[in-house]
Amino acid sequence: MTEIVHTPEALQQTLAGTREDAGLSLVPTMGALHEGHLTLAREARKLGHPVVVSIFVNPLQFAPGEDLEAYPRTLDEDVAKLEAEGVAAVFAPSPETMYPHGPRTTVQPGPLGAVLEGKTRPTHFAGVLTVVAKLFNLTGATDAFFGEKDYQQLALIRQMVEDLHLPVRVHGCPIVRDEDGLALSSRNRYLSAAERTRALAIPRALATGSLEQARALLDDDPSIDIDYLITTAPDLSELPADYSGPARLLVAAKVGNTRLLDNVAIEV
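Residues numbered from 1 in each chain as written. Predicted model: local features only at pLDDT ≥ 70, side-chain atom pairs only at ≥ 80, totals over all residues. Heavy atoms only, no water.

The next point concerns the pattern of salt bridges. On inspection of all chains with the given rule, the structure shows 13 salt bridges. For R187, the salt bridge goes to D67, with nearest N and O atoms at 3.0 Å. Placement of R187 in the loop between β6 (169-173) and α8 (193-199) and of D67 in the loop between β3 (51-55) and α3 (75-84) is noted, with a sequence separation of 120 residues between them. Across the pair, exposure class does not vary: R187 and D67 are buried alike. When the shortest N-O distance is used, the salt bridge between R259 and E117 registers 2.5 Å. Linking R259 in strand β9 (residues 258-267) with E117 in helix α5 (residues 117-120), this pair joins segments that are 142 residues apart in sequence. (Salt bridge = Lys/Arg side-chain N within 4 Å of Asp/Glu carboxyl O. Helix = DSSP H or I, 4+ residues; strand = E, 2+ residues; numbered from the N terminus. Buried < 20%, exposed > 50% of the residue type's maximum accessible area, 1.4 Å probe, protein only.)

Next comes the structure, spelled out in structure tokens:
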């Protein structure tokens, strides 16, 4: 049976019996769970460790005017899905529990946090890294699982773990897509039927494997507002002019009022 806990103290009591095991896997989420999240939980279970899923809509990663209040909160449905996946515990704290003194001490992302998503949302990644570091400490996880859809987030979490010598292995899992090709996201529910149809141009553009072809395809629909469309090295560094080899093609675009992220591995 999946235990639901809301405080660090209750979490410690729930996890006390796992301390002698070989490890503990963590899947951090903001809830409104879809098949992508459940895939992370399944991948985590493959290690044979108990799995903890956190459900916390983290206010630190939302800037003023973003969708913090509107972000979907479906705890009961989420817990039922996770219980069916054999998750050991769900940690669902309140903001007051996670930040009893407010955002007093934070983890700063450095230069990588100021580009792409960080250029549009300059406070976002400090909020992400701060809450992830807290979750690592609270759970004592040996392994943590994140999706590649939020590719820059994954890169920054790996950077934080390396730079701060945190004793956790970070696992990146491939993007899970709907049957029509759209990358699964909790924010997809904001799309109207017409907007979702237009949004399908995004995965089609990435599937070309070419920055130029992707740009041409997306430019065909002026209702898709592109924030960035860029090719980088796998670590998100800039590609040298004469580079050839593995790379990443990344896009952020608004369809209606919904901001969508997607990316794909390519060869250049």
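Across the sheet, which stays open at both edges, the three strands sit in the order β7-β8-β9 with antiparallel pairing between neighbours. Strands at the two margins of the open sheet, each flanked by one partner only, are β7 (224-232) and β9. Along the sheet, successive strands turn relative to each other by an average axial angle of 15 degrees, direction set aside. Pairing geometry for β7 and strand β8 (residues 246-255), over eight bridges, is antiparallel. Along β8, the bridge assignment pairs T231 with L249. (Pairing = 2+ DSSP bridges. Axes fitted to C-alpha atoms, helices over the stretch in contact; angles between N-to-C directions.)

This part is about the nonpolar core. Core analysis: the largest hydrophobic core is formed by 41 residues, its most contacted members being F91, M98, V132, F136 and F146. Going through the elements one at a time, α1 (8-15), β4 (89-91), α6 (124-139), β5 (143-147), α7 (151-163) and β8 are the ones with two or more residues in this core. Shared between two domains, this core holds at least three residues of each, these being domain 1 (3-173) and domain 2 (188-260). The residues contacting F91, other than those within four sequence positions of it, are V5, H6, T7, P8, L11, V52, V53, S54, I55, M98, L135 and L138. Within the second largest apolar cluster, 20 residues are counted, among which are L182, A199, A214 and A247. (Core = buried A, V, L, I, M, F, W, Y, C linked by side-chain atoms within 4.5 Å. Domains from an automatic or database assignment. Contact = heavy atoms within 4.5 Å.)

Turning to the environment of L164, a few remarks are in order. On the secondary structure map, L164 appears in the loop between α7 and β6. According to the relative accessible area criterion, L164 is partly exposed, its value standing at 47%. Residues L164 and V264, 100 residues apart in the sequence, show an inter-C-alpha distance of 28 Å.

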